[in-house]
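# What the coordinates show
Spelled out, the chains give:
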Amino acid sequence: QVYLVESGGGLVQAGGSLRLSCAASGLTFSGYGMGWFRQAPGKEREFVAAISRSGGSTAYAESVKGRFTISRDNAKNTVYLQMNSLKPEDTATYYCAAKTFDAGSMYAITSYGYWGQGTQVTVSS
């Protein structure tokens, strides 16, 4: 069974930083592109960032470009999301996901078949 377990969320003031981690088990981690998504109360889940199997290619939502950095350590079966210069509008539950549809877009929720339970990020103003 596949497990994706996020950690690192919390409460931070605007301008602060957090580093999210997602530990994967039950799959050959290096065989999957990975993504981070977020969902704020009353809003749809949205794409944040994605990284290719090797880590050589990344993609970001415009709203986080230049502030967030996605990375992965295939030896540790872990993907990270470094979040700097956080804003109140970044407040959401953050989910990591494994891309199971090879032909699908890195940006599309439907390309990801395995999901974690999420970790809450709250940014106070």
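All of the points below concern the structure found in this document. (Residues numbered from 1 in each chain as written. Predicted model: local features only at pLDDT ≥ 70, side-chain atom pairs only at ≥ 80, totals over all residues. Heavy atoms only, no water.)

Our focus in this paragraph is the pairing of strand 5 (residues 46–51). In terms of residue burial, strand 5 counts as a mostly covered element, since five of its six residues are buried. When strand 4 (residues 33–39) meets strand 5, the two strands line up antiparallel, connected through five bridges. In the strand pairing of strand 5, Met34 is matched with Ile51. Here strand 4 hands over to strand 5 after six residues, with Gly42 in that stretch at a positive phi of 80 degrees. The pairing of strand 5 with strand 6 (residues 58–60) spans three bridges and is classified as antiparallel. Looking across to strand 6, one finds that Ile51 is bridged to Thr58. Connecting strand 5 to the next strand, strand 6, in antiparallel fashion are six residues, including Gly55 with a positive phi near 90 degrees. (Buried < 20%, exposed > 50% of the residue type's maximum accessible area, 1.4 Å probe, protein only. Helix = DSSP H or I, 4+ residues; strand = E, 2+ residues; numbered from the N terminus. Pairing = 2+ DSSP bridges.)

Attention shifts here to the layout of surface pockets. If you add up the space inside the largest pocket, you get close to 160 Å³. Looking at the largest pocket, the residues that line it are Arg38, Gln39, Ala40, Lys43, Glu44, Glu46, Pro88, Glu89, Thr91 and Ala92. (1 Å grid on protein atoms, 1.4 Å probe; cavity = no way out; pocket = protein on both sides within 12 Å on 5 of 7 lines; lining within 4 Å. Points joined across faces, edges and corners; volume = space filled by probe spheres on them.)

Inspection of every chain in the model, using the stated rule, returns one disulfide. Covalent S-S linkage joins Cys22 and Cys96, the inter-sulfur distance amounting to 1.9 Å. A torsion of 40 degrees about the S-S bond marks the disulfide between Cys22 and Cys96 as right-handed. Of the two residues, Cys22 sits in strand 3 (residues 18–25) while Cys96 sits in strand 9 (residues 92–99), which places them 74 residues apart along the sequence. Across this residue pair, the class does not change: Cys22 and Cys96 are buried. (Disulfide = S-S within 2.5 Å.)

Here we take up the nonpolar core. Grouped together as the largest cluster of nonpolar side chains are 34 residues, with contacts concentrated most on Trp36, Val79, Leu81, Met83 and Tyr94. When residues of this core are traced back to their parent elements, those giving at least two are strand 3, strand 4, strand 5, strand 6, strand 7 (68–73), strand 8 (78–83), strand 9 and strand 11 (119–124). If we ignore the near neighbours within four places in the chain, the residues touching Leu81 are Leu18, Arg19, Leu20, Trp36, Val48, Ala49, Phe68, Thr69, Ile70 and Tyr94. (Core = buried A, V, L, I, M, F, W, Y, C linked by side-chain atoms within 4.5 Å. Contact = heavy atoms within 4.5 Å.)

Take the packing of aromatic side chains next. In total, this model carries six aromatic pairs according to the counting rule given. Relative to Tyr114, the ring of Tyr32 has its centre 6.2 Å away and its plane inclined at 65 degrees; by these criteria the two rings are edge-to-face. Placement of Tyr32 in the loop between strand 3 and strand 4 and of Tyr114 in strand 10 (residues 112–115) is noted, with a sequence separation of 82 residues between them. Residue classification places Tyr114 among the partly exposed residues on the basis of a relative accessible area of 32%. Aromatic ring contacts, followed pair by pair, group Phe37, Phe47, Tyr107, Tyr112 and Trp115 into a single cluster. (Phe/Tyr/Trp six-rings, centres within 6.5 Å; stacked < 30°, edge-to-face > 60°.)

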